[in-house]
Structures are given as structure tokens and as C-alpha cells.
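In case you want the letters, here they are:
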Amino acid sequence: MSAQAMMKAKALAMAAPDALALDARRAAVVALRQSGRVTRDDVRRLRRDIFADGAVTRDEADALFALDMSKCERDPEWTAFFVESILDHVIWQARPTGVVNEGKAEWLLDRADRAKTISAFTVLVSVLAEAHRTPIWFVAAVKARAARGWPGLDAALTAAVNEAAALAEEFAV
């Protein structure tokens, strides 16, 4: 993030009516959304800043979802960072680790449904893959979203299959 964007983030944190609740890390995410662009350096800075204390707060997770929903131009590193951050928040930060309780599952589905992005769907599938335990209904809810046709899912799957086929051909030669 540029020095100007960082100054804007600090000013936003100080000027916002809920400035006490809006910490500098969340303000940095908000400033990125307003800038309309997330570069590779921005992602690396967010990774360093958000994971500085080893925890992603609910406020930060909400801000990351808002950034994911925005029309921002995002570097490809964004998706990996976003998924990792949300998984850390939902699965690994609370005791018992690896368990997604009802409240977290409801919050996650709500945010993913609002976002309707491939990154958000990736989070849902990744939770199923990584969590030791989720509510029984959560698996059915994720499957139902896939069956209904999540926006962009078919195109993403087609692109992944084509990429895998191209790699297979490359190694076969």
C-alpha cells in the first residue's frame, strides 16, 4: 500500500464514528477497497500486518470479505491470502481448534452468500477439507450452493481442468 493509502487508512480510522472499534489493520483493508486495487505488495503487507499477532479478528474477517466482494482489481495472491485468513479465523483460533461451531458456520455461510465470489466458495470448500468437525448441516449447505450454480464456479472449474490438461501434455512430451 502506498504511503498515501496508509495515511488515508489512518485518517479513516481517526475520522470514522466507530473509530475506537476500527483498528489500523481493518482500516488498511478498507483503504484498499476504496483504492480499487490490491497489488502483490498490498497482499504481502496485509499478510504481515494481519498475522502479526497470530489472530484474525471478526472485524478483520468482515473487512476481508468486504474487500473480496468489491469490484477491486486483485493480484492472484489475494485468493490464497483471503482463504488462509478466513480459515485461520474460523477453524484454528478458537478452542477447540479444528472445530467449526454453529455460530461460526452460520456467519461464514452468510458472508459467503453475500460475497458470491469464487474466493468465498473456496473458503467454504476449504473449511470442509480442513476442519475436524463442522455442523452436520454445513456440508449439505455447501453442496446445495454448488448444485445451484455458484457464480463463476463452472468457468473456474473449466479453467482448472484446462490448465491441468495443458500441464499433463507438457510433461508427457
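Residues numbered from 1 in each chain as written. Predicted model: local features only at pLDDT ≥ 70, side-chain atom pairs only at ≥ 80, totals over all residues. Heavy atoms only, no water.

### Focus on helix H6 (residues 102–115)
Item 1. Given a rise of 1.5 Å per residue, 14 residues ought to cover 20 Å, and the 20 Å separating the end C-alpha atoms of H6 matches this to within 8%.
Item 2. Taken together, the buried positions of H6 are Lys-104, Ala-105, Trp-107, Leu-108, Leu-109, Arg-111, Ala-112 and Ala-115.
Item 3. Where H6 is buried, its residues contact helix H4 (58–69), helix H5 (77–92), helix H7 (118–130) and helix H8 (136–148).
Item 4. Where H6 starts, the residue carrying a side-chain oxygen 3.2 Å from the main-chain nitrogen of Gly-103 turns out to be Asn-101.
Item 5. A positive backbone phi angle near 50° is found at Lys-116, which sits one or two residues after H6. (Helix = DSSP H or I, 4+ residues; strand = E, 2+ residues; numbered from the N terminus. Expected span 1.5 Å × (residues − 1). Buried < 20%, exposed > 50% of the residue type's maximum accessible area, 1.4 Å probe, protein only. Contact = heavy atoms within 4.5 Å. Polar contact = N/O pair within 3.5 Å; in protein donor to acceptor, adjacent residues only side chain to side chain.)

### So, the confidence of the model for the protein chain
Reading fine detail from the predicted coordinates is not recommended where pLDDT is low.
Item 1. Averaged over every residue, the pLDDT of the protein chain is 85; the share at 70 or more is 86%.
Item 2. Within the protein chain, H6 carries the highest mean pLDDT (97), whereas helix H1 (residues 3–15) carries the lowest (55).
Item 3. Throughout residues 16–22 the model reports pLDDT below 50, and contacts reaching past four residues in sequence, or to other chains, amount to seven contacts. (pLDDT = per-residue confidence, 0-100.)

### Points about the packing of aromatic side chains
Item 1. By the definition in use, this model includes six aromatic pairs.
Item 2. Centre to centre, the rings of Phe-65 and Phe-82 are 5.0 Å apart; their planes meet at 85°, and the pair counts as edge-to-face. You can see Phe-65 sitting in helix H4 and its partner Phe-82 sitting in helix H5, a full 17 residues away along the chain. Note on accessibility: Phe-65 and Phe-82 belong to one class, buried.
Item 3. An angle of 40° between the planes, with centres 5.4 Å apart, marks the rings of Phe-121 and Trp-150 as tilted. Separated by 29 residues along the polypeptide, Phe-121 in helix H7 and Trp-150 in the loop between H8 and helix H9 (153–172) bring together distant segments of the chain. The pair formed by Phe-121 and Trp-150 is uniform in burial state, with each residue classed as buried.
Item 4. Members of the aromatic cluster, joined through ring pairs, are Phe-65, Trp-78, Phe-81, Phe-82 and Trp-107.
Item 5. The ring of Trp-107 carries Arg-58 above its face, with NZ or CZ at 4.3 Å from the centroid. (Phe/Tyr/Trp six-rings, centres within 6.5 Å; stacked < 30°, edge-to-face > 60°. Lys NZ or Arg CZ within 6 Å of the ring centre and 35° of its normal.)

### A word on the pattern of salt bridges
Item 1. According to the stated counting rule, one finds 11 salt bridges in the structure shown.
Item 2. A salt bridge links Glu-84 to Arg-47, with the nearest nitrogen and oxygen atoms 2.5 Å apart. Linking Glu-84 in helix H5 with Arg-47 in helix H3 (residues 40–50), this pair joins segments that are 37 residues apart in sequence.
Item 3. Residue Glu-84 is classed as partly exposed on the basis of its relative accessible area, which comes to 38%. (Salt bridge = Lys/Arg side-chain N within 4 Å of Asp/Glu carboxyl O.)

### Describing the side chain of Arg-145
Item 1. In this structure, Arg-145 sits in helix H8.
Item 2. By relative accessible area, which is 12% here, Arg-145 ends up buried.
Item 3. At 2.9 Å, the side chain of Arg-145 and the backbone oxygen of Ala-141 are in polar contact.
Item 4. Residues in contact with Arg-145, not counting those within four places in the same chain, are Leu-109, Asp-113, Phe-121, Leu-124 and Trp-150.

### Topic: unusual backbone geometry
Item 1. With omega at -5°, the peptide bond leading from Arg-95 into Pro-96 counts as cis.
Item 2. When you line up the elements, Pro-96 lands in the loop between H5 and H6.
Item 3. One non-glycine residue, Lys-116, lies in positive phi territory at about 50°.
Item 4. Within the element layout of this structure, Lys-116 appears in the loop between H6 and H7.
Item 5. According to the relative accessible area criterion, Lys-116 is partly exposed, its value standing at 37%.

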